[in-house]
Amino acid sequence: MRKINNYAFIDGQNLDKSIKKQGLKLNYKKFREFLSDKFGVSKAFYFIGYMQEYTNGFYKDLRVCNYTLSFRKPVIDSDGKIKANVDANLITHVMMKLNSYNKAVIVAGDSDYYCLCKYLIRQNKLCQVIVPCKAKCPKI
């Protein structure tokens with residue numbers, strides 16, 4: 001059987017906040033297995049802001065679950081909220097690795113990736129968009 005070589009690109013901050021807002025807790029190991037089993041994901045890139053206090057806990061756990069982490073230095077916005085703004089990093093990775101994977105799975109819960117998804121559809125490179133909170137994301 002031929003192995004599918006799809007990559008997942010996960011907006012980690014968006015995923016985590018969306019899940020928590022719904023009062024849920026995500027089992028990251030089972031989610032990684034789901035990506036592999038359901039969509040043939042061989043690599044899962046998890047984009048997130050770097051916070052020193054999560055180095056030996058959350059980040060380590062994600063690596064154990066076979067996520068490849070991509071960090072961005074967070075900033076504090078005008079409301080005092082910590083934001084990592086990983087959108088540009090995720091989009092850049094999708095485009096840089098375009099010839100390395102068969103299709104992309106995008107995991108994000110807002111409209112920031114709308115143009116990227118439209119492009120991937122035109123290139124026949126989009127496998128799936130997984131939206132943790134559908135109310136915040138437009139239909140493609």
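Thresholds, definitions, all that
Residues numbered from 1 in each chain as written. Predicted model: local features only at pLDDT ≥ 70, side-chain atom pairs only at ≥ 80, totals over all residues. Heavy atoms only, no water. Buried < 20%, exposed > 50% of the residue type's maximum accessible area, 1.4 Å probe, protein only. Helix = DSSP H or I, 4+ residues; strand = E, 2+ residues; numbered from the N terminus. Arc of directions from axis to C-beta. Contact = heavy atoms within 4.5 Å. Pairing = 2+ DSSP bridges. Axes fitted to C-alpha atoms, helices over the stretch in contact; angles between N-to-C directions.

Draft legend 1. Quick peek at helix H4 (residues 87-96). Looking at H4, one finds that the buried residues are Leu90, His93 and Val94. All buried residues of H4 lie within an arc of 100° about the axis, which places them on one face of the element. In this structure, the buried residues of H4 make contact with strand S1 (6-11), strand S2 (41-49), strand S3 (67-72), strand S6 (104-107) and helix H5 (114-122).

Draft legend 2. Structural detail: the sheet that holds strand S7 (residues 126-130). Strand order in the open sheet formed by five strands is S3-S2-S1-S6-S7, with parallel pairing between adjacent strands. Unpaired on one side and paired on the other, S3 and S7 mark the two borders of the sheet. Recorded for the sheet is a direction-independent mean angle of 20° between the axes of neighbouring strands. Where S2 lies against S3, six bridges are found, and the strand directions are parallel. Looking at the pairing, phenylalanine 47 lines up with serine 70 of S3. Along the sheet face, H4 touches S1, S2, S3 and S6 and points at about 170° away from the line of S1.

Draft legend 3. Region of interest: H5. The set of residues buried in H5 consists of Leu116, Cys117 and Leu120. Projection of H5 onto a plane perpendicular to its axis shows the buried side chains occupying an angular sector of 95°, all on one side. Away from its buried face by more than 90 degrees, H5 exposes Cys115 and Arg122. For H5, the secondary structure elements touched by its buried residues are H4, S6 and S7.

Taken by themselves, the reported measurements are silent on function.
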